[in-house]
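Chain residues, written in single-letter form:
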Amino acid sequence: MEEAKNLSKAYEPKQVEEKLYHMWVENGYFTPEIDYDKEPYTIVIPPPNITGQLHMGHALDNTIQDILIRWRRMQGYSTLWLPGTDHASIATEAKIVETLAKEGKTKYDLGRDGFLERAWEWKREYGGRIINQLKKLGCSCDWTRERFTLDEGCSKAVSKVFISLYEKGLIYRGERIINWCPSCKTSISDIETIYDDEKGHFWHIKYPVNGTDDFIEIATTRPETMLGDTAVAVHPEDERYKHLIGKTVILPLMNKEIPVIADEYVDMEFGTGAVKITPAHDPNDFEVGLRHNLPMPRVMNDDGTINELGGKYSGLDRYEARKQIVKDLEEQGYLVNIKDHDHSVGHCQRCNTTIEPILSKQWFVKMKPLAEPAIEVVEDGRVKFVPDRFSKIYFNWMENIQDWCISRQLWWGHRIPAYYCQDCGEIIVADKAPEKCSKCGGELKQDEDTLDTWFSSALWPFSTLGWPEETEDLKYFYPTSVLVTGYDIIFFWVARMIFSAMENMKKEPFKYVYIHGIVRDAEGRKMSKSLGNGIDPLDVIDKYGADALRFNLISGNSPGNDMRFFWERVEAFSNFANKIWNAARFVLMNTDENKDYNTIFNSSKDNFTTADYWILSKLNKLIKEVTDNMEKFELGIAAQKIYDFIWFEFCDWYIELVKPRLYSDLDEDKSVAQATLIHVLKNSMKLLHPFMPFITEEIYSHIPQASESIVISRWPEYDEAMDFASQEENMEIIMEAIKGIRNIRAEMNVVPSRKSKTIIVSDREEVRNAMEEGSSYIQKLAHSSEVIIKGEKKDIPEDAVSIIIEGAEIFLPLEDLIDKEKEIERLMKEKEKLDKELERVRGKLSNEKFIAKAPDKVIQEEKDKEKKYMELMDKVLERLKVLK
Ligand SMILES: [Zn+2]
Ligand SMILES: [Zn+2]
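Residues numbered from 1 in each chain as written. Chains lettered and ligands numbered in written order. Predicted model: local features only at pLDDT ≥ 70, side-chain atom pairs only at ≥ 80, totals over all residues. Heavy atoms only, no water.

A. Focus on empty space enclosed by the protein. This model, assessed by the stated rule, comprises three cavities of 30 Å³ or more. Approximately 80 Å³ is the volume attributed to the largest cavity. In terms of lining, the largest cavity is formed by V161, L165, V365, L370, W404, F455, L459, F499, S500, E503 and N504. For the lining of the largest cavity, the secondary structure elements donating two or more residues are α6 (152–167) and α14 (490–504). (1 Å grid on protein atoms, 1.4 Å probe; cavity = no way out; pocket = protein on both sides within 12 Å on 5 of 7 lines; lining within 4 Å. Points joined across faces, edges and corners; volume = space filled by probe spheres on them. Helix = DSSP H or I, 4+ residues; strand = E, 2+ residues; numbered from the N terminus.)

B. Geometry of the coordination of the zinc ion (ligand 2). In this structure, C421 (SG), C424 (SG), C437 (SG) and C440 (SG) serve as the protein donors to the zinc ion (ligand 2), at separations of 2.2 to 2.3 Å. For the zinc ion (ligand 2), the four donor atoms are set out with angles of 101 to 113° between them, so the coordination reads as tetrahedral. Look at where the donors of the zinc ion (ligand 2) fall in the sequence and you get C-x2-C-x12-C-x2-C. Of this pair, C424 sits in the loop between β18 (418–421) and β19 (427–429) while C437 sits in the loop between β19 and β20 (444–446), placing them 13 residues apart in sequence. On the basis of relative accessible area, C424 is assigned to the partly exposed category, the value being 38%. (Donors = N, O, S within 2.8 Å, 3.2 Å for Na, K, Ca; no water. Tetrahedral: all angles 85-135°; square planar, octahedral: opposite > 155°, others 65-115°. Buried < 20%, exposed > 50% of the residue type's maximum accessible area, 1.4 Å probe, protein only.)

C. Examining the environment of K605 more closely. Take K605: it is sitting in the loop between α18 (597–602) and α19 (610–631). Once the C-alpha coordinates of K605 and S391 are considered, the two residues, 214 residues apart in sequence, prove to be 50 Å apart. Setting aside residues up to four positions removed in sequence, K605 forms contacts with Y613, A721 and F724. (Contact = heavy atoms within 4.5 Å.)

D. The coordination of the zinc ion (ligand 1), seen in detail. At the metal site, the zinc ion (ligand 1) is ligated by C181 (SG), C184 (SG), C348 (SG) and C351 (SG), and these contacts range over 2.2 to 2.4 Å. With four donor atoms in place around the zinc ion (ligand 1) and angles of 102 to 114° between them, the coordination shape is tetrahedral. Motif for the zinc ion (ligand 1), donor spacing along one chain: C-x2-C-x163-C-x2-C. C348 sits in the buried class, given a relative accessible area of 2%.

E. Spatial organisation of the pairing of strand β23 (residues 510–516). For β23, a buried count of five out of seven residues is recorded, marking the element as mostly surrounded by other parts of the structure. Looking at chain direction, strand β15 (residues 384–386) and β23 are connected through three bridges and run parallel. Looking at β23, one finds that K384 is bridged to Y512. With six bridges joining them, strand β22 (residues 480–486) and β23 adopt parallel strand pairing. Note that in β23 the partner of T485 across the bridge is I515. Once the chain exits β22 it traverses α14 before rejoining the sheet at β23, and the crossover so formed is right-handed. (Pairing = 2+ DSSP bridges. Right-handed = clockwise from strand over helix to strand, strands pointing away.)

F. Seen up close, helix α8 (residues 318–331). A rise of 1.5 Å per residue sets the reference length of α8, with its 14 residues, at 20 Å; its end C-alpha atoms lie 20 Å apart and thus fit the reference within 8%. Every buried residue of α8 is accounted for by R318, A321, R322, I325, V326, D328 and L329. Summarising the axial view, the buried residues of α8 lie within an arc of 165°, below the 170-degree limit, and thus occupy one face. Opposite the buried face of α8, by more than 90 degrees, sit the exposed residues K323, E330 and E331. Buried positions along α8 lie against β7 (193–208), β13 (335–348) and β14 (356–365). For α8, the side-chain oxygen to backbone nitrogen distance between the N-cap and Y319 is 3.0 Å, and the N-cap itself is D317. Positive phi appears at G333, one or two residues downstream of α8, with a value of about 80°. (Expected span 1.5 Å × (residues − 1). Arc of directions from axis to C-beta. Polar contact = N/O pair within 3.5 Å; in protein donor to acceptor, adjacent residues only side chain to side chain.)

G. Layout of the sheet that holds strand β10 (residues 248–251). Sheet architecture is open: four strands sit in the order β10-β11-β9-β12, paired in mixed fashion. Each edge of the sheet is formed by a strand with only one pairing partner; in this case those strands are β10 and β12 (274–277). On average, adjacent strands in this sheet sit at an angle of 35° to one another, irrespective of strand direction. Pairing of β10 with strand β11 (residues 256–262) involves four bridges; the strand directions are antiparallel. Of the residues in β11, the one forming a bridge with L251 is K256. (Axes fitted to C-alpha atoms, helices over the stretch in contact; angles between N-to-C directions.)

H. Region of interest: the side chain of E809. Residue position: E809 is located in strand β29 (residues 808–812). Overall, E809 belongs to the buried group, its relative accessible area being 17%. Side-chain polar atoms of E809 contact the side chain of K793, separated by 3.3 Å. Among all residues touching E809, those that are not within four sequence positions of it are I759, I760, V761, K793, S802, I803 and I804.

I. Unusual backbone geometry, seen in detail. The amide bond that connects W467 to the next residue, P468, takes the cis arrangement and shows omega of 10°. Mapped onto the elements of the fold, P468 is located in the loop between α12 (460–463) and α13 (472–477). One non-glycine residue with positive phi stands out, namely N749, at about 55°. Inspection of the secondary structure puts N749 in the loop between α23 (725–747) and β26 (756–761). N749 sits in the exposed class, given a relative accessible area of 53%.

Honestly, that's just the spatial picture; any functional story needs more than this.
As structure tokens, this is what we get:
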């Protein structure tokens with residue numbers, strides 16, 4: 001056997017994957033050229049965190065991207081899949097702080113510069129881990145263009161955007177209520193705050209009305225915040241309180257006089273209809289405070305302890321203070337009661353500490369003006385969500401958007417390019433540190449804070465292509481074609497990319513947003529560390545290969561929907577790989593490397609057999625259906641169609657149908673069969689390539705006269721001339737006959753070596769012709785000794801078994817199939833068995849006690865059984881009648 005045919009006996013992913021991946025990269029297949037004769041197709045990777053390790057979500061997300069990229073590359077687009085990583089400010093900083101803690105140090109011991117040095121060191125050592133894991137999955141990213149959110153170019157883009165938004169008045173510094181994590185000691189964004197329902201309490205407290213014996217009762221879930229109360233608010237229309245508006249109450253414990261104000265924000269129906277107002281510790285109260293010009297004292301420190309404004313509670317942790325305050329209120333008679341109350345509490349996504357809404361001086365992006373064009377671009381379809389239902393979530397968020405707090409009290413990240421004059425307080429926002437204050441010549445100090453990580457990833461689709469420089473890449477590859485991501489980061493990321501692109505590029509960042517679901521465990525639970533039910537994609541690859549993992553993630557998957565992970569399915573797809581491998585081995589072993597099959601195939605049009613026409617026509621249809629489904633992002637459906645074609649039509653049927661010709665002495669017929677096999681194998685490997693890149697390349701490389709690599713081979717195209725409808729139909733009739741005969745033989749336990757005469761009766765000429773043509777297939781695949789085709793039902797043995805298919809009736813003489821005596825014996829036994837079963841079931845169903853007690857479901861089950869046994873009995877009796 002020739003060298004090139006040497007596919008090893010079994011498919012071993014480990015021996016193939018690394019070698020092929022290396023070859024692809026080496027040959028530059030993943031690096032596109034800027035070619036204006038070709039259309040570009042671009043995807044930017046959702047940059048994984050440098051602290052990340054590949055999990056199932058990444059595996060799914062990146063498999064989808066790789067399928068799209070490989071497919072478009074084969075279609076002739078100039079495809080760029082741009083990879084990179086995110087510096088993940090809070091996650092990375094937490095990691096470094098943790099390592100330092102083990103050495104007994106804090107970040108302040110190292111100072112800002114020392115700390116950043118450590119962080120870069122860490123990045124150099126571990127930041128590439130996830131990138132290498134993506135390579136194992138087969139991702140065809142252009143690694144020559146790899147980017148990092150903190151690299152020079154991306155940082156330049158960040159600073160440019162910050163300055164430009166500041167100059168337009170769209171970035172401002174102000175005091176607002178932000179989410180504060182007392183443990184991470186930084187502000188965090190709304191979307192990094194995870195809300196859970198918690199069991200809590202409503203503490204009902206009465207505030208004495210100044211100068212009377214009256215009280216106003218309020219309720220709070222955070223009694224410690226009362227230290228910062230500056231008013232009590234009621235609804236202006238509330239008859240219960242109208243007379244108190246404008247009067248004052250005494251704030252218990254603090255012994256401070258605060259006003260009773262009227263504000264429509266108060267819900268009269270809720271609780272007592274009176275609420276305490278703590279402007280520095282609650283976002284709604286803050287708004288009330290602004291409207292009424294209330295003082296806004298902040299009573300808590302950054303670490304969650306009460307500060308000096310908290311009187312005797314100063315220095316206590318917030319929860320310690322709460323206990324003490326409740327105790328004091330009770331002792332002094334201000335506590336009315338405590339009621340259980342479940343409410344939603346925000347937690348820090350990183351460390352799970354309860355978030356404290358707190359008034360703080362931070363940098364904000366003014367969102368309303370930026371949201372408008374971002375809404376428009378989705379409304380008018382320039383950006384489309386797949387599936388479309390996610391655009392509603394997007395609109396809802398965008399239309400209700402709040403200003404975005406972008407400053408973080410962290411060191412690892414883009415430092416805010418703002419400088420404060422130490423003398424006159426002037427703020428200078430600039431790319432480079434100015435030497436002196438432009439106003440007074442005083443000393444300048446840069447803002448200590450860094451920007452929210454999402455500020456830089458929001459620019460990812462254009463910063464990675466070179467913006468703000470007008471690079472060739474930017475001109476050619478922007479806007480990108482599709483963004484692939486999970487539904488969990490529509491707000492975090494997708495929305496911000498859209499408004500950032502509209503603001504800075506005046507053009508949408510991508511044409512489609514493909515949203516996929518999450519991968520759950522076999523029971524449908526989210527994979528999580530705490531449940532310990534996560535499955536490491538690298539383990540799956542190690543055991544079954546990347547192709548099986550990829551196929552498992554895609555088949556059955558539809559846009560926007562969650563999926564479950566079953567090991568059994570991965571195993572099934574690894575069996576699929578083996579089935580393909582064995583089929584390919586068979587084809588290669590039965591073809592001749594030196595024959596020019598392309599030429600033979602192209603000149604064979606008139607020499608094809610029905611089976612050849614059928615498989616070619618089926619392949620042609622498959623090409624159309626797969627391509628159409630991929631255009632619609634229905635990758636799961638495309639994968640299933642390819643699977644079915646290869647497994648059933650090609651392996652189970654065509655290869656079996658074609659075998660006799662391969663062993664034939666008729667050289668021409670043999671060559672046509674071989675050429676068809678090669679053609680179908682080659683094209684089905686191409687269709688499968690985006691889904692299973694490794695095995696398809698390995699097989700392709702062994703196909704005679706195949707091109708250099710399947711990666712850069714041409715995607716098959718639908719060809720009307722390859723549509724053979726009538727031959728296809730004929731073959732299906734033959735297959736129906738074969739299936740029918742096989743079924744009845746299986747039912748009757750006929751061994752394959754026992755051949756029978758096959759009499760086919762049809763009054764339709766075209767069916768008779770088809771059967772005539774297919775008689776050799778029927779002989780071979782339906783164990784037929786002889787195929788007799790008739791126009792009418794004449795001379796058929798009386799005891800023949802009959803099979804009805806569309807357009808024909810098939811008869812198999814009984815004595816060809818079985819020994820009469822033995823069969824009668826077998827059927828009698830069967831009858832006895834069924835009699836017993838029926839007796840048992842009927843006994844139950846006529847038992848009144850059973851009927852009275854058993855659940856409906858159980859009774860129905862028994863009834864179903866009775867029906868099934870009766871049907872079987874009818875069949876047995878029928879067969880016995882014929883035999884006797
Ligand atoms: Zn935290
Ligand atoms: Zn100054």
